[in-house]
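Now for the letters of each chain:
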Amino acid sequence: MLYAIISTDAPDSLPKRRATRPAHLARVEQLMEQGRLILAGPHPAIDAEDPGEAGFTGSLIVAEFETLEAARAWANADPYVEAGVYSQVQVKPFRQVMP
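Trainee: Any chance you could break down the nonpolar core for me, citing the residues and the numbers?
Mentor: Grouped together as the largest cluster of nonpolar side chains are 11 residues: Y3, I5, V28, L31, I61, A63, F65, A71, W74, A75 and V91. Elements supplying a minimum of two residues to this core: strand 1 (2–9), helix 1 (14–33), strand 3 (56–64) and helix 2 (68–76). Take this core: its biggest share by element is 3 residues, from helix 2. Apart from residues no more than four positions distant in its own chain, Y3 is found in contact with I61, V62, A63, F65, E66, T67, L68, A71, V91, K92, P93 and F94.

Structure (structure tokens):
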């Protein structure tokens, strides 16, 4: 089943996000290599492709997991969680209708 992992950045976490990004991306790339990743990306804090120092407000990952518990465990082990980039992580079942 698909699950949406909706994460909210902690205030002033941009330096932590930048430092931890390679480890975070490597982990997300594993989902892609396994054919389980539908989409992933950050939410810019401003209406711009590259928000610069404005940073990001969070991230969204939609991926396939065996169970809700497995999706939560994966999300909670994210390097951004461990580094304190995210202040909150919500995992919800997701049903893709389109495309």
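This is not the end of the story, as more comes after the structure.
Trainee: Give a detailed account of the layout of surface pockets, specifying residues and quantitative values.
Mentor: It is the rolling of a water-molecule-sized probe over the atoms that shows where space remains empty. In this structure, the largest pocket occupies an estimated 280 Å³ of space. Contributing elements (two or more residues each) for the lining of the largest pocket: helix 1, strand 2 (37–44) and strand 3. Here the element with the most residues in the lining of the largest pocket is helix 1; it accounts for 7 residues. For the lining of the largest pocket, the class distribution of residues is 9 nonpolar, 3 polar and 3 charged.

Trainee: Describe unusual backbone geometry, with residues and values.
Mentor: The residue after M98, namely P99, is reached through a cis peptide bond having omega -10°. Along the chain, P99 falls in the segment after strand 4 (86–94). Positive phi, normally seen in glycine, also occurs at D12, with a value near 55°. By secondary structure assignment, the location of D12 is in the loop between strand 1 and helix 1. Here D12 falls in the exposed class, since its relative accessible area comes to 75%.

Trainee: For empty space enclosed by the protein, give the residues involved together with the corresponding values.
Mentor: On inspection of all chains with the given rule, the structure shows 1 cavity of 30 Å³ or more. Roughly 40 Å³ of internal volume is contained in the largest cavity. Taken together, I5, S7, S59, L60, I61, A75, D78, Y86 and V89 make up the lining of the largest cavity. When residues of the lining of the largest cavity are traced back to their parent elements, those giving at least two are strand 1, strand 3 and strand 4.

Trainee: Give a description of the side chain of D78 that names residues and reports values.
Mentor: Within the secondary structure, D78 is located in the loop between helix 2 and helix 3 (79–83). One buried charged residue, D78, forms no salt bridge at all, with the nearest opposite charge on R27 at 4.2 Å. Side chain to side chain, D78 and H24 meet in a polar contact 3.0 Å long. For D78, the side chain forms a polar contact with the main-chain nitrogen of Y80, separated by 2.7 Å.

Cut-offs applied
- Residues numbered from 1 in each chain as written.
- Predicted model: local features only at pLDDT ≥ 70, side-chain atom pairs only at ≥ 80, totals over all residues.
- Heavy atoms only, no water.
- Core = buried A, V, L, I, M, F, W, Y, C linked by side-chain atoms within 4.5 Å.
- Buried < 20%, exposed > 50% of the residue type's maximum accessible area, 1.4 Å probe, protein only.
- Helix = DSSP H or I, 4+ residues; strand = E, 2+ residues; numbered from the N terminus.
- Contact = heavy atoms within 4.5 Å.
- 1 Å grid on protein atoms, 1.4 Å probe; cavity = no way out; pocket = protein on both sides within 12 Å on 5 of 7 lines; lining within 4 Å.
- Points joined across faces, edges and corners; volume = space filled by probe spheres on them.
- Nonpolar A, V, L, I, M, F, W, Y, C, P; charged D, E, K, R; others polar.
- Lys, Arg positive; Asp, Glu negative; His and termini not counted.
- Salt bridge = Lys/Arg side-chain N within 4 Å of Asp/Glu carboxyl O.
- Polar contact = N/O pair within 3.5 Å; in protein donor to acceptor, adjacent residues only side chain to side chain.

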